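# Reading the structure
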Amino acid sequence: MKIRIEWQKPILLFKNKQPVYTDDEIEAIDNKAGVYYFARKHGNSVEQPFYIGETLALRTRLKQHLNSVKIMDALRGYENPNTVRIAQGPRFFHYGYLSGDARDKKKRLKIVQRYLINEALSMQWLLLNKQGTAIRPTHTLSFEGNSAGRGCYPKSADVED
């Protein structure tokens with residue numbers, strides 16, 4: 001299956017804990033199927049995603065997030081004891097439209113979302129997904145040496161903290 005995402009220019013949402021986006025910027029987003037992520041930037045670092053999603057209607061989904069207390073707290077940089085702390089820095093909304101075949105949109109979006117999440121976790125970035133709970137990076141274990149000594153355990157495994 002070939003899947004194509006057409007990435008758009010990111011929108012700066014928050015700077016110094018204050019909203020800086022305009023309604024016109026939000027309305028300019030097509031209400032199409034796509035993937036998205038919220039990211040923060042600190043200094044000259046790459047923009048690190050802290051929430052990754054997929055949707056059949058990007059503009060509507062962004063508006064829902066902007067009305068969510070948990071996401072808004074993360075976007076503003078407020079600390080919440082029930083969620084992971086996202087480091088300071090401007091907050092951006094990155095998004096891309098799913099293009100091509102209209103069949104199996106949801107399946108194709110889930111595949112892209114899973115890839116983006118796995119890539120972020122492989123870089124040891126914390127994600128605020130699953131109703132505001134953290135998805136923590138995993139660690140890869142490798143077992144070498146005598147296979148009889150390893151017994152029933154696999155040669156490698158991914159584990160969480």
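Notes on the structure in this doc start here. The structure presented is a predicted model; accordingly, all values stated were derived computationally and were not measured.

## Description of the pattern of salt bridges
In this structure the tally under the stated criterion is six salt bridges. Here Lys63 ties to Glu27 by a salt bridge, and the two come within 2.5 Å at their closest N and O atoms. With Lys63 in helix α2 (residues 58-66) and Glu27 in helix α1 (residues 23-27), the pair connects residues that are 36 residues apart, well separated along the chain. In this structure, Glu54 and Lys110 form a salt bridge, with 3.0 Å as the shortest nitrogen-oxygen distance. Here Lys110 lies in helix α4 (residues 105-122) and Glu54 lies in strand β5 (residues 48-55), a separation of 56 residues in the sequence. By relative accessible area, which is 39% here, Lys110 ends up partly exposed. Sharing partners across several salt bridges, the network here consists of Glu27, Arg59 and Lys63.

Calculation criteria
- Residues numbered from 1 in each chain as written.
- Predicted model: local features only at pLDDT ≥ 70, side-chain atom pairs only at ≥ 80, totals over all residues.
- Heavy atoms only, no water.
- Salt bridge = Lys/Arg side-chain N within 4 Å of Asp/Glu carboxyl O.
- Helix = DSSP H or I, 4+ residues; strand = E, 2+ residues; numbered from the N terminus.
- Buried < 20%, exposed > 50% of the residue type's maximum accessible area, 1.4 Å probe, protein only.

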